[in-house]
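Take a look at the letters that make up each chain.
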Amino acid sequence: MNYFVVADPIKCIGCRTCMIACVVEHNGEDIFYQNPEEINFNPKLEVVKNAQVSAPIQCRQCEDAPCAKACPQDAISKKNNAIIVDQKKCIGCKNCMLACPLGAINLNDVESGCTVDLTNMPNDKLFCIEKMVANKCDLCSGSEKGPACVRVCPTAAFRIVHEEDLTASIKNKRKASAIGAKNL
């Protein structure tokens, strides 16, 4: 069974620290020492806010992932208990976005790094966008420390949900339902 990360909207203060941690974790370099124009700021989760509540929206690593089934390129698969996007295979068709019941997938541009000599331009180069690809939570699969969002949240709003947690929750709900039925 896949594990996944959830956030308690009651605890979430909408600070977006989780989004920054996600970018730092997946960037490969320390973004705080990079030129701001060169930072590829594409977090794999999105904090949604309104006047009453804020909450991160991120992939729940579905067992029978609809996004993977909808992908015509087999670019989405399960690896190490996480549903992962192979950005080299992704063609940006958006089928996964449409299939995701949580709205936890977005498209990001992949920069090819091509440069063109433009002597009249202030930067003397033009950055090209190669293509758009699917972007979603991968549970920080490359990190031994686990999901960065869980580690950095100042209010401890995030938690990792394992199979044992779900089994215990189901048992408790059934027990509560049985007790409620007896009291009727």
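This text gives an overview of the structure that appears in the document.

The rules behind the values
- Residues numbered from 1 in each chain as written.
- Predicted model: local features only at pLDDT ≥ 70, side-chain atom pairs only at ≥ 80, totals over all residues.
- Heavy atoms only, no water.
- Core = buried A, V, L, I, M, F, W, Y, C linked by side-chain atoms within 4.5 Å.
- Buried < 20%, exposed > 50% of the residue type's maximum accessible area, 1.4 Å probe, protein only.
- Helix = DSSP H or I, 4+ residues; strand = E, 2+ residues; numbered from the N terminus.
- Contact = heavy atoms within 4.5 Å.
- Salt bridge = Lys/Arg side-chain N within 4 Å of Asp/Glu carboxyl O.
- Patch = residues over 30% accessible without salt bridge, like charges linked within 9 Å, V, L, I, M, F, W, Y side chains within 5 Å.
- Areas by Shrake-Rupley, 256 points an atom, 1.4 Å probe, with all protein chains shown as cover.
- Lys, Arg positive; Asp, Glu negative; His and termini not counted.
- Charge placed at Lys NZ, Arg CZ, Asp CG, Glu CD.

1. Quick look at the nonpolar core
- C18, C67, I76, A134 and F158 are the most contacted members of the largest nonpolar core, which totals 32 residues.
- Ranked by residues supplied to this core, first place goes to strand β5 (residues 82-85) with 4 residues.
- When sequence neighbours within four positions are dropped, the list of residues in contact with C18 reads L45, V47, P56, C149, V152 and F158.

2. Thoughts on the pattern of salt bridges
- Going through the model one piece at a time under the given rule, you end up with 3 salt bridges.
- R151 is paired through a salt bridge with E25; the nearest N and O atoms lie 2.8 Å apart. One end of the pair, R151, is in helix α4 (residues 148-152); the other, E25, is in helix α1 (residues 17-27), and 126 residues separate them in sequence.
- Given a relative accessible area of 37%, R151 falls into the partly exposed group.
- Residue E25 is classed as partly exposed on the basis of its relative accessible area, which comes to 29%.
- With a shortest N-O distance of 2.9 Å, K69 and D64 are connected by a salt bridge.
- Judged by relative accessible area, K69 falls into the exposed class, the value being 60%.

3. Describing a negative patch on the surface
- The grouping of E29, D30, E37 and E38 at the surface amounts to a negative patch.
- Under the relative-accessibility criterion, E38 is labelled exposed at 52%.

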